[in-house]
Protein chains: 2
Amino acid sequence: MHYKLALIGFGNVARALARLFLRKQDMLKAQGIIFSFTGISTGRHGFAVDPDGLDILKALELVESGQSINSLSKSPVANSLEVIQKSAADVMFENSPVNTQTGQPALDHIRTALNLGMHAITANKGPVVHGYRELTALAKSKGRQFKFESTVLGGAPVFSVFREAFPLAELSSVKGIFNATTNIILSRMENGEAYDDAVKYCQSVGVAEADPTNDVDGWDAAIKVAALVTVLMDTPMSPQQVQPTGIRGITPEMIAKAKAEGKRYKLVCSAEKVGDKVIASVAPQLVDSTSPLYGMMNSSTGVTFRTDVILDYSISLSEREGMQGGPIETAYGLFADFVNSVK
Amino acid sequence: MHYKLALIGFGNVARALARLFLRKQDMLKAQGIIFSFTGISTGRHGFAVDPDGLDILKALELVESGQSINSLSKSPVANSLEVIQKSAADVMFENSPVNTQTGQPALDHIRTALNLGMHAITANKGPVVHGYRELTALAKSKGRQFKFESTVLGGAPVFSVFREAFPLAELSSVKGIFNATTNIILSRMENGEAYDDAVKYCQSVGVAEADPTNDVDGWDAAIKVAALVTVLMDTPMSPQQVQPTGIRGITPEMIAKAKAEGKRYKLVCSAEKVGDKVIASVAPQLVDSTSPLYGMMNSSTGVTFRTDVILDYSISLSEREGMQGGPIETAYGLFADFVNSVK
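What counts as what
Within every chain, residues take consecutive numbers counted from 1 along the sequence as written. Naming scheme: in the order in which they are written, chains are lettered from A and ligands are numbered from 1. Local features in a predicted model are, by the rule used here, given only for residues with pLDDT of at least 70; side-chain atom pairs are given and counted only at 80 or more, and totals for whole chains, interfaces and linings are based on all residues. Hydrogens and water molecules were not included; the side-chain quantities draw on all heavy atoms of the structure. In DSSP terms, a helix is any run of H or I states spanning at least four residues, a strand is any run of E spanning at least two, and both are numbered starting from the N terminus. Relative accessible area decides the class of each residue, using a 1.4 Å probe on protein chains only: under 20% of the type maximum gives buried, over 50% gives exposed, and in between gives partly exposed. Computed with the Shrake-Rupley method and a 1.4 Å probe, the accessible areas treat only the protein chains shown as cover for residues. The charge count treats Lys and Arg as positive and Asp and Glu as negative. His and the chain ends do not count. A single reference atom marks each charge: NZ on Lys, CZ on Arg, CG on Asp, CD on Glu. In plain words, nonpolar cores are sets of buried Ala, Val, Leu, Ile, Met, Phe, Trp, Tyr and Cys residues tied together by side-chain atoms within 4.5 Å. We call two residues in contact whenever any of their non-hydrogen atoms come within 4.5 Å of each other. Here a polar contact is taken to be a pair of N or O atoms separated by no more than 3.5 Å, where protein atoms must pair a possible hydrogen donor with a possible acceptor and residues adjacent in sequence count only if both atoms sit in side chains. What counts as buried area is the accessible surface, traced by a 1.4 Å probe, that two parts surrender upon association, with contributions from both included. A pairing counts as a salt bridge when a side-chain nitrogen of Lys or Arg comes within 4 Å of a carboxyl oxygen of Asp or Glu. What makes two strands pair is DSSP finding at least two bridges between them. Our superposition of the copies is a least-squares fit, built on the C-alpha atoms of residues whose pLDDT is at least 70 in both. In this analysis, the protein atoms alone were mapped onto a 1 Å grid. Cavities are point sets where a 1.4 Å probe fits without being able to get out; pockets are open sets with protein on both sides within 12 Å along at least five of seven lines; lining residues have an atom within 4 Å of a point. Grid points are joined across faces, edges and corners, and a volume is the space filled by probe spheres set on the points. Three categories are distinguished: nonpolar for Ala, Val, Leu, Ile, Met, Phe, Trp, Tyr, Cys and Pro, charged for Asp, Glu, Lys and Arg, and polar for the others, with Gly belonging to the last.

*Asks:* Go over the overall build of chain A, please, and point to the residues and values.
*Replies:* Broken down by element type, chain A carries 14 helices and 11 strands. Expressed as a percentage of its 343 residues, the buried residues of chain A come to 58%. In the structure as shown, chain A presents an accessible area of about 13,500 Å², 49% of it carried by carbon and sulfur atoms. Seen as two clouds, the 33 positive and the 35 negative side-chain charges of chain A have centres 3 Å apart.

Quick look at the structure:
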């Protein structure tokens, strides 16, 4: 079976995804899966479509040397929606910059792709929080999939684990560390570094943005909590409802005192079913060495599920050589969504 | 769809499974799944078959009050193989006492069930280590499933996570804590308890047997390593090949010294692909607080997968109220295997 793929957004993650497809092409072929890229939409390097297949290596080369991909296009296209429409793709990967307050333009891209009978796969949290029910229903009505494994734990399986490996289990709570930046900052402060220096370190390695607000005030964590609650607890929730508390109030003195007591501050994300409601929060909490969160240092992240059948099942992604949550891992989450959609 | 179920072995786990089916019957019905129990084989309380459905509550009551279930049987049956043959079951659950050196009689039970066109599901490690390839091929040839989720992490999903959530990933190593008894002993020794007293504690709460050799010398851990390697690395391996080293050589002095250095001894299970080979081991190792294994205390267990696409993905099951790895969780692993087999 031949699958035509459209890449909406062609940044680090999408380019890592293209390379992963190339690296895994023999394994895919062994499963009867052939692919070609038929549409690419970039932020600053143009747009290209060719239902017969674009030269993906050339597209990577052009973008990575700062050139436009327009010359690769078989017909003129001027924006992402046109790329989706003219790509004749079977699967659309949505990884364009998103407004997390509205989920746009990812929402429109995904609606368009699903309406055209494509599977829609994204690493963007926005469309999950703002459109999960609508997009899932639309996908179902078209016999297609809307998937988003890479949204919470940097490409490491979370949603598919719960869906595939926990049949008929009832989820009562989730608890975890979802934001790497704040975890790195708290880890470095435990080693005596000042907050401002720890933020600068995160910026220097590309983990934090120039304005670190989204991370340090807990909004990135809150949108991930909202996504998990919306999907796994089937209860629509916005990041605003989570009302996050960030880590700015954690002083070196507090961290030193905790350390002396064998404890650590972590930016703990949690959501718990209480009757028909879900109570969610993101806030710094003291944890001790009996907690699965205690050992998650630096860029390590993880989540603990409590269910009626298996108590306190944890998934974690450990830091190793700075790779955790990097584009390769996020790309793998998208790739896994593809394989699981078409199998 | 109506499924007839045979329970070969009717100990704590199988009885917890029967109760779990009853507790989840409305959820199963909502998925279009109806069930009845048509065969039960016990060790000391007789045998019963009825293709029209046995009174499972009565069977539980009889066995738990020390009585025989023979009176429930529609036709005379004298052993497990006859129960399988006369139950007309669609799914056979194998949880009878097993010889871990040979995998018998579980192997014969599973072969018989698969040959009769039943799905075969077990919590016994023996048939996985001694018959994985044969039984998987046999199941495939019959269009049925051979499943064993409950064999390694006490019912918590491991195999299905790797199979369903890591498509086309290449597993390079696994590392973990697979034996709760030795982890409890080491945890208690860290709190100053003597080895013998810690063993006695484990025996008193039913975690360790009268002869704790299987646990403390690493054989239980070794058979779990062998099962993981056999299945997930597609490399047949016996517990003997693992050559386990147990925890008898760990002295209170060693534990105190490690504690002073912020480290802990853990009975670490590992397997790593090196070229075409797999190097596996079970041995006490010092771990520090950066290891995902460090925080696994008492009956907590867990495993870390390293793959070519996601580095160091860990799954752990935390102790909580002494329930970890108990019959309810093991029963859930069997139940999940059932749902995943018939869906």
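*Asks:* Run through the nonpolar core, naming residues and quoting values.
*Replies:* Ranked by size, the top nonpolar core spans 226 residues in total, and within it F338(A) and F338(B) carry the most contacts. Contact partners of F338(A), with chain neighbours within four places excluded, come to Y3(A), L5(A), F21(A), L28(A), I33(A), V91(A), F93(A) and I121(A).

*Asks:* An account of unusual backbone geometry is requested, with residue identities and associated values reported.
*Replies:* In this structure, P105(A) follows Q104(A) across a cis peptide bond, with omega equal to 0°. Of note, the phi angle at L168(A) is positive, near 60°, even though the residue is not glycine. Of note, L168(A) is situated in the loop between α7 (159–165) and β7 (171–177). Classification of L168(A) as buried rests on a relative accessible area of 14%. Even without a glycine there, the phi angle at A88(B) is positive, about 55°.

*Asks:* I'd love a proper account of the environment of S150(B), names of residues and values included.
*Replies:* Residues and elements named next belong to chain B. Along the polypeptide, S150 turns up in the loop between β6 (146–147) and α7 (159–165). Exposure remark for S150: the relative accessible area of 5% places this residue in the buried category. A C-alpha to C-alpha distance of 9.3 Å links S150 and A336, two positions 186 residues apart in sequence. The contact partners of S150, leaving out residues within four places of it in the chain, are A123, G155, T330, G333 and L334. Looking at S150, its side chain comes within polar contact range of the main-chain nitrogen of L334, at 3.3 Å.

*Asks:* Give me the interface of chain A and chain B: which residues, what numbers.
*Replies:* Listed by partner, the interface residues are 45 residues for chain A and 45 residues for chain B. For the pair chain A and chain B, the two sides together bury roughly 4,100 Å², of which 57% comes from carbon and sulfur. At the boundary of chain A with chain B, the tally comes to 8 salt bridges. Its salt-bridge partner being D308(B), residue R23(A) comes within 3.2 Å of it at the nearest N-O pair. Between chain A and chain B we count 24 residue pairs in polar contact (both at pLDDT 80 or more) in total. Sort the elements by how many residues they give to the side of chain A that touches chain B and helix α14 (residues 327–342) of chain A lands first, with 7 residues. Note that strand β11 (residues 313–317) of chain A and strand β11 (residues 313–317) of chain B share 5 bridges and pair antiparallel. The partner of Y313(A) across the bridge, within β11(B), is L317(B).

*Asks:* Requested: an account of the relation of the copies chain A and chain B, with residues and values cited.
*Replies:* By a simple turn and slide, chain A fits onto chain B: the slide is 0.0 Å along the axis, the RMSD is 0.1 Å, and the turn is 180°. Considering both components of the superposition, the chain copies are consistent with a two-fold axis. Among all C-alpha atoms of chain A, that of I315(A) lies closest to the rotation axis, at 2.4 Å. A share of 100% of the interface residues of chain A reappears at the interface of chain B, consistent with the copies meeting face to face through the same patch.

*Asks:* Break down the pattern of salt bridges for me, with residues and values.
*Replies:* Any two side chains of opposite charge can pair, on the condition that their charged atoms come close. Residue and element names in this part refer to chain A. Per the counting criterion, the structure on display carries 36 salt bridges over all chains. The closest approach of N and O atoms between R111 and E134, which form a salt bridge, is 2.5 Å. In this pair, R111 is assigned in helix α5 (residues 106–115) and E134 in helix α6 (residues 126–141), connecting sequence segments 23 residues apart. Between E261 and K257 there is a salt bridge, with its nearest N and O atoms 3.5 Å apart.

*Asks:* Before we move on, could you go through the side chain of D50(B) and cite the residues and values that matter?
*Replies:* Residues and elements named next belong to chain B. Looking at the element boundaries, D50 is found in the loop between β3 (47–49) and α3 (56–64). Buried charge without a partner: D50 forms no salt bridge, and the closest opposite charge is K74, 4.1 Å away. Those residues within four positions of D50 in sequence are excluded, and the remaining contacts are F37, T38 and K74.

*Asks:* A description of empty space enclosed by the protein should follow, citing residues and the corresponding values.
*Replies:* Tallied over the full model, the rule gives 2 cavities of 30 Å³ or more. As a volume, the largest cavity reaches approximately 60 Å³. Contributing to the lining of the largest cavity are L186(B), S187(B), E190(B), I255(B), A258(B), K259(B), K263(B), R264(B), Y265(B) and K266(B). Secondary-structure elements contributing two or more residues to the lining of the largest cavity are α8 (180–190), α13 (252–260) and β8 (263–274) of chain B. With 4 residues, β8(B) is the largest single contributor of residues to the lining of the largest cavity. Along the lines of polarity and charge, the residues of the lining of the largest cavity split into 4 nonpolar, 1 polar and 5 charged. Estimated volume of the second largest cavity: approximately 40 Å³. Taken together, L186(A), E190(A), I255(A), K259(A), K263(A), R264(A) and Y265(A) make up the lining of the second largest cavity. Where the lining of the second largest cavity is concerned, the elements lending two or more residues are α8 (180–190), α13 (252–260) and β8 (263–274) of chain A.

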